[in-house]
Amino acid sequence: MSADEKTQAKTEQAKGKVKEAAGRVVGNESLTAEGRAEQAKGDARQAKENVKDAFKR
């Protein structure tokens, strides 16, 4: 996995966790859902890069 893509995936996952937690604290279901979606986007990016790495070997 390239360092830039890995960093971007981790950043998306972290931002998603923060948004989800903030949404829960203030009772904003929309913000909670947005955080979950951002985490899923980061997970998908990371999975894509892992597949690319597997084929490089």
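Structure first, text after, so check above.
Residues numbered from 1 in each chain as written. Predicted model: local features only at pLDDT ≥ 70, side-chain atom pairs only at ≥ 80, totals over all residues. Heavy atoms only, no water.

Caption draft 1: Looking closely at the overall build of the chain. A count of helices and strands for the chain gives two helices and zero strands. The C-alpha radius of gyration of the chain comes to 13 Å, more than 25% above the 10 Å expected for a compact globule of 57 residues. The dimensions of the chain, computed from C-alpha atoms along their principal axes, are 45 × 15 × 10 Å. Taking all 57 residues of the chain together, the buried fraction comes to 26%. Counting contacts in the chain only where the partners sit at least 6 residues apart, residues at least 24 apart contribute 50% of the total. Total accessible area on the chain is roughly 4000 Å²; 56% of this is exposed by carbon and sulfur atoms. (Helix = DSSP H or I, 4+ residues; strand = E, 2+ residues; numbered from the N terminus. Rg over C-alpha atoms; globule rule 2.2 N^0.38 Å. Buried < 20%, exposed > 50% of the residue type's maximum accessible area, 1.4 Å probe, protein only. Contact = heavy atoms within 4.5 Å. Areas by Shrake-Rupley, 256 points an atom, 1.4 Å probe, with all protein chains shown as cover.)

Caption draft 2: Main features of the pattern of salt bridges. Taken as a whole and assessed by the stated rule, the structure comprises 11 salt bridges. Here arginine 24 and glutamate 20 are joined by a salt bridge, their closest N and O atoms 2.9 Å apart. With arginine 24 and glutamate 20 both in helix H1 (residues 3–26) and four residues apart, this pair spans about one turn of that helix. Residue arginine 24 is classed as exposed on the basis of its relative accessible area of 54%. The exposure class of glutamate 20 is buried, given its relative accessible area of 12%. Close ionic contact of arginine 36 with glutamate 29 constitutes a salt bridge, the shortest N to O distance being 3.8 Å. (Salt bridge = Lys/Arg side-chain N within 4 Å of Asp/Glu carboxyl O.)

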